[in-house]
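# What the coordinates show
Listed here are the chains, written in short residue letters.
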Amino acid sequence: MQKDISPFIFGRKAIGESFTDREAETAHLVANFRNRVNTVLISPRRWGKSSLVKKAGDLAQSPKLKVIYLDAFTMRDATDFYTSLANAVLKTTYSTLEGWIEQAKRFFTRITPRFSFGNDPMNSLELSFELEAISKNYEEILSLPEKVAIEKGIHFVICIDEFQNTSLFSEHSLFHKRLRSVWQDQQHVTYCIYGSKQHMMISLFEKQSMPFYRFGETIHLGKISLADWVLYIEKQFEKTAKTITPYYAEAIAKNVNCHSYYVQQLAHLVWQRTQNAVDDEIITSAVEDLINQNELLYLRDTEMLSETQLNFLIALASGVSDGFSRKDILQKYKLGSSANVSRIKTALIEKEMIDLSGRTITFLDPAYALWFVKRMLKKETFL
Ligand SMILES: Nc1ncnc2c1ncn2[C@@H]1O[C@H](COP(=O)(O)OP(=O)(O)OP(=O)(O)O)[C@@H](O)[C@H]1O
Ligand SMILES: [Mg+2]
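Parameters at a glance
- Residues numbered from 1 in each chain as written.
- Chains lettered and ligands numbered in written order.
- Predicted model: local features only at pLDDT ≥ 70, side-chain atom pairs only at ≥ 80, totals over all residues.
- Heavy atoms only, no water.
- Phe/Tyr/Trp six-rings, centres within 6.5 Å; stacked < 30°, edge-to-face > 60°.
- Buried < 20%, exposed > 50% of the residue type's maximum accessible area, 1.4 Å probe, protein only.
- Lys NZ or Arg CZ within 6 Å of the ring centre and 35° of its normal.
- Core = buried A, V, L, I, M, F, W, Y, C linked by side-chain atoms within 4.5 Å.
- Domains from an automatic or database assignment.
- Contact = heavy atoms within 4.5 Å.
- Helix = DSSP H or I, 4+ residues; strand = E, 2+ residues; numbered from the N terminus.
- Pairing = 2+ DSSP bridges.
- Near = heavy atom within 4 Å.
- Polar contact = N/O pair within 3.5 Å; in protein donor to acceptor, adjacent residues only side chain to side chain.
- Areas by Shrake-Rupley, 256 points an atom, 1.4 Å probe, with all protein chains shown as cover.
- Nonpolar A, V, L, I, M, F, W, Y, C, P; charged D, E, K, R; others polar.

## Re the packing of aromatic side chains
For the coordinates displayed, the defined rule picks out 26 aromatic pairs. Relative to Tyr191, the ring of Trp183 lies with its centre 3.9 Å away and its plane at 15°, an arrangement referred to as stacked. Take Trp183 and Tyr191: they sit in the same class, and that class is buried. Both rings, one in Phe205 and one in Phe212, keep their centres 5.2 Å apart while their planes meet at 40°; by these two values the pair is tilted. When sorted by exposure, Phe205 lands in the same class as Phe212, which is buried. Here the guanidinium or amino end of Arg46 rests over the ring plane of Tyr261, the centre of that ring lying 4.3 Å away. One cation-aromatic arrangement involves Lys242 over Trp271; the distance from NZ or CZ to the ring centre is 3.8 Å.

## Describing the nonpolar core
With 57 residues, the main nonpolar core has Ile233, Ile252, Phe312, Leu313, Phe324 and Tyr368 as its most contacted residues. Counting residues domain by domain, this core receives three or more from each of domain 2 (226-293) and domain 3 (295-376). Ile252 has contacts with Ile233, Ile244, Val263, Leu266, Ala267, Val270 and Ile283, leaving out every residue within four places of it along the chain. Grouped together as the second largest cluster of nonpolar side chains are 50 residues, Ala78, Ala86, Val182 and Phe215 included.

## With respect to the pairing of strand β9 (residues 360-363)
The alternating pattern of β9 places Ile361 and Phe363 on a buried face, while none of Thr360 and Thr362, on the opposite face, is buried. Note: strand β8 (residues 354-357) against β9, 4 bridges, orientation antiparallel. In the strand pairing of β9, Leu356 is matched with Ile361.

## A few points about the domain arrangement of the chain
If you check the domain split of the chain, you get domain 1 (22-220), domain 2 (226-293) and domain 3 (295-376). Inter-centroid distance (C-alpha atoms) of domain 1 to domain 2 is 37 Å.

## Quick notes on the environment of Met201
With respect to the helices and strands, the residue Met201 is situated in helix α9 (residues 198-206). The class for Met201 is buried, based on a relative accessible area of 0%. Ignoring any residue separated from it by four or fewer positions in sequence, one finds Met201 in contact with Val40, Leu41, Ile42, Phe163, Gln164, Ile193, Tyr194, Gly195 and Ser196.

## Overview of the site of ligand 1
Close contacts around ligand 1 come from 23 residues, with Ile9, Arg12, Lys49, Ser51 and Ser196 the closest. One of the backbone N or O atoms of Tyr261 is found 3.3 Å from an oxygen atom in ligand 1. Here ligand 1, which alone exposes 630 Å², has 95% of that area covered by the protein. Taken together, the elements giving at least two residues each to the shell around ligand 1 come down to α2 (49-60) and α12 (260-273). Class assignment for the residues of the shell around ligand 1 results in 8 nonpolar, 9 polar and 6 charged. Each of two domains, domain 1 (22-220) and domain 2 (226-293), supplies a minimum of three residues to the shell around ligand 1.

And the structure:
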């Protein structure tokens, strides 16, 4: 590792040496991929879903087991979805341009694909379909992976990131029913579906009335532990010939509540300020920087809150984590009735501002929590 380049990564998938811990989760996913168990992976934003699936997929990959990654984030409608699926399956399986086109023509009998390519045909070849043809013959596209897998004697694992985005497609219920009806009969294709927006994912996969109910194993991804973060931060500092004591490594992880993205970002800000060794001042200034970077966003989010929602967050930031409906708490923080508290909770969960785990409530975004304590409560937050 180069000593003058930050050893911390954020905003991109954590890979290689930037990927830490998650050994049990990785092994579990690899086993699901090999044992053909469909998996649904859910967590709040930026806890590490995409990084984990990539790691497990790359480990599980073999000549007999091909892993395909799709990202529904950029898809606008079902047509985009079908097109991406068909392109990915064919590109993963056939290595020559001719093979690709020939197979596409052979596999699609009721639907006629169009081909287009730019200057570098092998890398820019794209297949597309007429909108109308798709709605009648969607099954032909959805069963493509199964057919190819059987013919080639292989197995596919299809990983679909940001799947909740498909709930924004027009006629999404019909679309989901179609997927489910074709997917459930496939023997040679396993799906791994993951996404943020927890309440959308949960309602898609855990509500009895929804088409994906009991589609596969649902995993709620947890956080990387404090102990693991401390070791990781120390190791990354060491590699670049800088020193951090366990005390300060712990301070970094604790300040942002072990949230994967923010631990890496705060560690980076601390690393950047460190000549040789970390001290109090460096941590304080790095945290301040983290808060300032998003101040405008936080102000806007806070302005959009109702008065009682704001009061609720003030209570949370002041240390109340459950028992919001207790009489003294209702009065002290002006929360209204206990029925009102449950409405506030629902609204804040939907806005993705708080997270409920068991009975304990926390801020979903730990950097917002730091900002809130410092600016709204005017208290020092760190160390
Ligand atoms: N296993 C890990 N080890 C170290 N850092 C990690 C790990 N997983 C995630 N991170 C950190 O968290 C950030 C977000 O990770 P990732 O994009 O995988 O999360 P996500 O849950 O898919 O996020 P989003 O909700 O935005 O899709 C990464 O950029 C990286 O900084
Ligand atoms: Mg992701």
